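# Geometric and topological summary
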Amino acid sequence: MTKPLTIIDITSRIAGGESVRSIVEDCFARIEAAADYNTLVSVVREPALARADAIDAQLKAGKKVGRLAGVPFIAKDMFLAHATTTTASSNMLKNFDAPYQATAITKLEAEGAILIGKANSDAFGHGASTENSDFGVTKNPYDTSRVAGGSSGGSAAAVALGLVPFALGTDTGGSSRQPASFCGVVGHKPTYGTISRYGVVAMGSSTDTVGILASNAADTATVLDILAGKDQFDATTLPHRSKSYEPSQNPLKPLKIGIIKEYMGDAIQPAVLAAVKAKVAQLQALGHAVEEISLPTLPISLAVYYIVIPAEISSNLSRYDGIKFGFSAREDAKNLKELYGLSRDRGFNAENKRRILIGTYVLSSGYIDAYYRKAQTVRTKLINEFADAFTKYDALIGPVAPTTAFKIGANAADPLQMYLADVMTVAASLAGLPAVSVPAGADSDGLPIGVQLIGAQRSDALLLALAKQIEGAAS
Amino acid sequence: MSTITARDVLYVAALANIAITENEAAKFTKELDVIIGYFEQLSQVDTTGLEPTYQVTGLTSVTRPDELIDYGTTQADLLKNVPHVRGNYIEVPKVL
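These numbers come from a predicted model, not from an experiment.

## Notes on the sheet that holds strand 3 (residues 114–119) of chain A
Residues and elements named next belong to chain A.
- The 11 strands lie next to each other as 1-3-2-6-8-7-12-13-11-9-10, forming an open sheet whose pairing is mixed. Looking at which strands have only one partner, the edges of the open sheet turn out to be strand 1 (40–43) and strand 10 (289–293). For this sheet, the mean inter-axis angle between neighbouring strands, taken without regard to orientation, is 30 degrees.
- As judged from the 4 bridges shared by strand 11 (residues 395–399) and strand 13 (residues 448–454), these two strands associate in the antiparallel manner. Its bridge partner lying in strand 13, Gly398 is registered against Gln452.
- Contacts from helix 7 (residues 217–227) reach strand 6 (166–171), strand 7 (186–189) and strand 8 (209–214) within the one sheet, and its direction differs from that of strand 8 by about 145 degrees.

## Quick word on the environment of Lys3 of chain A
All names here are of chain A.
- As for its position among the elements, Lys3 is in the segment before helix 1 (7–15).
- A sequence separation of 160 residues divides Lys3 from Leu163, and the C-alpha atoms of the two residues are 9.2 Å apart.
- When residues no more than four places from it in sequence are discounted, the contact partners of Lys3 are Arg30 and Gly162.

## Structural notes on the pattern of salt bridges
- On inspection of all chains with the given rule, the structure shows 26 salt bridges over all chains.
- Across the salt bridge formed by Asp26 of chain A and Arg13 of chain A, the nearest N and O atoms sit 3.1 Å from each other. Residue Asp26 of chain A is located in helix 2 (residues 20–33), and its partner Arg13 of chain A is located in helix 1; the two are separated by 13 residues in the primary sequence.
- Take Asp26 of chain A: its relative accessible area is 24%, and that puts it in the partly exposed class.
- Between Asp77 of chain A and Lys118 of chain A there is a salt bridge, with its nearest N and O atoms 2.9 Å apart. A residue pair is termed long-range when its members are at least 10 positions apart, and Asp77 of chain A in the loop between strand 2 (72–76) and helix 4 (103–110) and Lys118 of chain A in strand 3 qualify at 41 residues.
- Of the residues examined, Lys118 of chain A reaches a relative accessible area of 0% and is grouped as buried.
- In this structure, a network of salt bridges that share partners links the residues Glu351, Arg354 and Arg355 of chain A together with Lys27 and Glu31 of chain B.

## Here's the deal with the layout of surface pockets
All names here are of chain A.
- Considering only enclosed or pocket space, the largest pocket measures out at about 560 Å³ in volume.
- As for the largest pocket, its lining consists of 30 residues, of which Tyr100, Val200, Val201, Ala202 and Arg319 are closest to the centre.
- Here the residues of the lining of the largest pocket sort into 16 nonpolar, 7 polar and 7 charged.

## Thoughts on the side chain of Arg355 of chain A
Residues and elements named next belong to chain A.
- Turning to its location among the elements, Arg355 is positioned in helix 11 (residues 350–363).
- Arg355 sits in the buried class, given a relative accessible area of 3%.
- Within the structure, Arg355 has its side chain in polar contact with the side chain of Glu351 (distance 2.7 Å).
- If we ignore the near neighbours within four places in the chain, the residues touching Arg355 are His126, Gly127, Met203, Tyr306, Pro310, Ile313 and Tyr419.

## Thoughts on the confidence of the model for chain B
- Of all residues in chain B, 98% attain a pLDDT of 70 or more, and the chain-wide mean is 93.
- Of all secondary-structure elements in chain B, the lowest mean pLDDT belongs to helix 3 (residues 75–79) of chain B, at 93, while helix 1 (residues 6–15) of chain B reaches the highest, 97.

## Describing helix 1 of chain A
Residue and element names in this part refer to chain A.
- If you check which residues of helix 1 are buried, you get Ile7, Ile10 and Ile14. On an axial view of helix 1, the arc spanned by its buried residues comes to 75 degrees, and they lie on one face. Opposite the buried face of helix 1, by more than 90 degrees, sit the exposed residues Ile8 and Ala15.
- Packing partners of the buried residues in helix 1 comprise helix 2, helix 3 (45–60), strand 2, strand 6 and helix 7.
- Phi for Gly17, located one or two positions after helix 1, is positive at around 110 degrees.

## Describing a nonpolar patch on the surface
Residue and element names in this part refer to chain B.
- On the surface, Ile90, Val92, Val95 and Leu96 cluster together to form a nonpolar patch covering roughly 430 Å² of accessible area.
- If you trace the backbone, Ile90 turns up in strand 2 (residues 89–90).
- Given a relative accessible area of 39%, Ile90 falls into the partly exposed group.

## Observations concerning the packing of helix 9 (residues 301–316) of chain A against helix 11 of chain A
Residues and elements named next belong to chain A.
- Close contact between helix 9 and helix 11 brings their axes to 7 Å; oriented N to C, the two are set at 105 degrees. Accordingly, the angle class assigned to the pair helix 9 and helix 11 is roughly perpendicular. Along the contact surface, helix 9 presents Tyr306, Ile307, Pro310, Ala311, Ile313 and Ser314, while helix 11 presents Arg355, Ile356, Ile358, Gly359, Thr360, Val362 and Leu363.
- Class assignment for the residues of the contact of helix 9 with helix 11 results in 9 nonpolar, 3 polar and 1 charged.

## Here we look at helix 7 of chain A
Residues and elements named next belong to chain A.
- Burial analysis of helix 7 places 10 of its 11 residues in the buried class, the great majority of the element.
- Those residues of helix 7 lying buried are Ala217, Asp219, Thr220, Ala221, Thr222, Val223, Leu224, Asp225, Ile226 and Leu227.
- In this fold, the buried residues of helix 7 make contact with helix 1, helix 4, strand 6, strand 7, strand 8 and helix 15 (460–470).
- Between a side-chain oxygen at the N-terminus of helix 7 and the backbone nitrogen of Ala218 the separation is 3.1 Å; the capping residue is Asn216.
- Backbone geometry just after helix 7 places Gly229 at a positive phi near 130 degrees.

What counts, and where the lines are drawn
Numbering of residues starts from 1 in each chain and follows the order in which that chain's sequence is written. Chain letters and ligand numbers both follow the written order, the letters beginning at A and the numbers at 1. The predicted nature of this model means local features are confined to residues of pLDDT at least 70 and side-chain atom pairs, given and counted, to a pLDDT of 80 or more, with totals for whole chains, interfaces and linings taken over all residues. Values reported for side chains reflect all heavy atoms of the structure, with hydrogen atoms and water molecules removed beforehand. DSSP calls a pair of strands paired once it identifies at least 2 bridges connecting them. Segments assigned H or I by DSSP are reported as helices when at least four residues long, segments assigned E as strands when at least two residues long, and all are numbered from the N terminus. A fitted line through C-alpha atoms represents every axis, and for helices the fit uses only the stretch in contact; the resulting angles, taken between N-to-C directions, go from 0 to 180 degrees. Residue contacts follow a heavy-atom distance rule, with two residues in contact if any of their heavy atoms lie within 4.5 Å. We count a salt bridge whenever a side-chain nitrogen from Lys or Arg sits within 4 Å of a carboxyl oxygen from Asp or Glu. The buried label applies to any residue whose accessible area, calculated with a 1.4 Å probe on protein chains only, is under 20% of its type's maximum; exposed applies above 50%, and partly exposed to all values in between. In the cavity and pocket records, a cavity denotes points on a 1 Å grid over the protein atoms alone where a 1.4 Å probe fits but cannot get out, a pocket denotes an open set with protein on both sides within 12 Å along at least 5 of 7 lines, and lining residues are residues with an atom within 4 Å of a point. Grid points are joined across faces, edges and corners, and a volume is the space filled by probe spheres set on the points. The residue classification treats Ala, Val, Leu, Ile, Met, Phe, Trp, Tyr, Cys and Pro as nonpolar and Asp, Glu, Lys and Arg as charged. All others, Gly included, are polar. Two N or O atoms form a polar contact when they lie within 3.5 Å of each other; inside protein one atom must be a possible hydrogen donor and the other a possible acceptor, and for residues adjacent in sequence the pair counts only when both atoms belong to side chains. Values of pLDDT, ranging from 0 to 100, describe the predictor's confidence in every residue of the model. Arc definition: it is the arc formed by the directions from the helix axis to the C-beta atoms. Within the patch definition used here, like charges are joined within 9 Å and nonpolar side chains (Val, Leu, Ile, Met, Phe, Trp, Tyr) within 5 Å, considering only residues with over 30% relative accessible area and no salt bridge. Accessibility throughout is a Shrake-Rupley quantity obtained with a 1.4 Å probe, and a residue counts as covered only by protein chains that appear here. Every angle not falling under 35 degrees, over 145, or within 65 to 115 is termed oblique; those three ranges are roughly parallel, roughly antiparallel and roughly perpendicular.

Okay, here's the thing in structure tokens:
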């Protein structure tokens, strides 16, 4: 397996005289060599090379270039980008030619970064393994019989395989953190509203965030610093913080960190528990105070999530009607109603339909109080428990997922079992909190393990500074 | 305790405008029964005095000046993905 790339690997090659075109071509060669992992849905070749030549010309002319000048990246195929198809890894959008571009892509391009490919995922982000992609499963870089995680599995695997230094994912309930954990890279879910979702295919709007996957915490912070900020095209965005997200050179002051009791139970794979405990020991050795904390509503947050998010999915996916864009079953439809029904039945896959049906059920007359409103009220209870915890602690720590990467097919026949893969990531999403998956060694089969740091809203910079302190093997 | 029947599944599929097949309905009935059953644990949670949360960062009714924004997107851009176009119109099956 190729070693992951960092931003500085690329920028130092450019500083050493290598052309940006040569770097982009090298990344395409890496993509070709890693084709068997099925990390990408499409490659963005000509626009990327044109952009590379433009940056080479700027450099040659001695012009000022952006912070990521010449750095190639990959975006999950949920991001609309000029001159690309944006499929959401779904047959519904198989031929969708992006008519406009996501703010996140535009901001990265403004700093000189170059989009070279669109990554595979579960269709519309519905899944925890990329097995729900309509274009084939992404294989784990450490064991091709296992999943890369999901839904942003292609993005995580691309970074782990060293195809690019960083990739964009999305994270609605763990979709960047869990694949990061399974692939041994950093995966950051920012505070809700930090990064514009304009031009990103919607899943569950009350928790949808753009996620960042990179090989280290410092690169993650650099990308976050570029992407964060208010966007007039996404009304949920928060103002940019006054200070940079990038960790300062000053050492972190001693912090108080809570280890989440509910995430350290018997159902967790022993190697995962051991990895968290090793990181806790490392934190203590660095001078941080760590003690156990209980958040009693955490175990039920999965039920809350799988009510609230399917409800939002059923609403968001109602736009796919076979008429305005996307797959159309027009040829077989005798009337408008059949056009809707057949286009949606054939364009969506089983998991998409399952979530739409669950969402429609919990919102339907007679059930909305017992399920949807009750879930949103339990969500308040969960938010209050986190708020209490953050009066005492600067950050919380626990696993990202109960296991390391599972075998392809292992959970395919049991949707609820697949949902349980999200059990430790959904709570931060429901509360809008930043959370980061940090590589923390491997199990006895050599499969990566991630630990999760969760912070109060808008504490992303602190979390990433802490992640930087503990990433890599414990020494 | 909720038990999901094939009738329930066909009813919500109709609400969601998805023309699922009978085979799909049978499969979804079994799966949804397990999944909705899993949600039952919520009824045990004491939420007395709590209100539901729909937005987590405290933003409410975000407004902007009522001015045209140029999204840089043309009519042709928006029509290029429409499966059936006649002239500059989106075509649908006859409704009346």
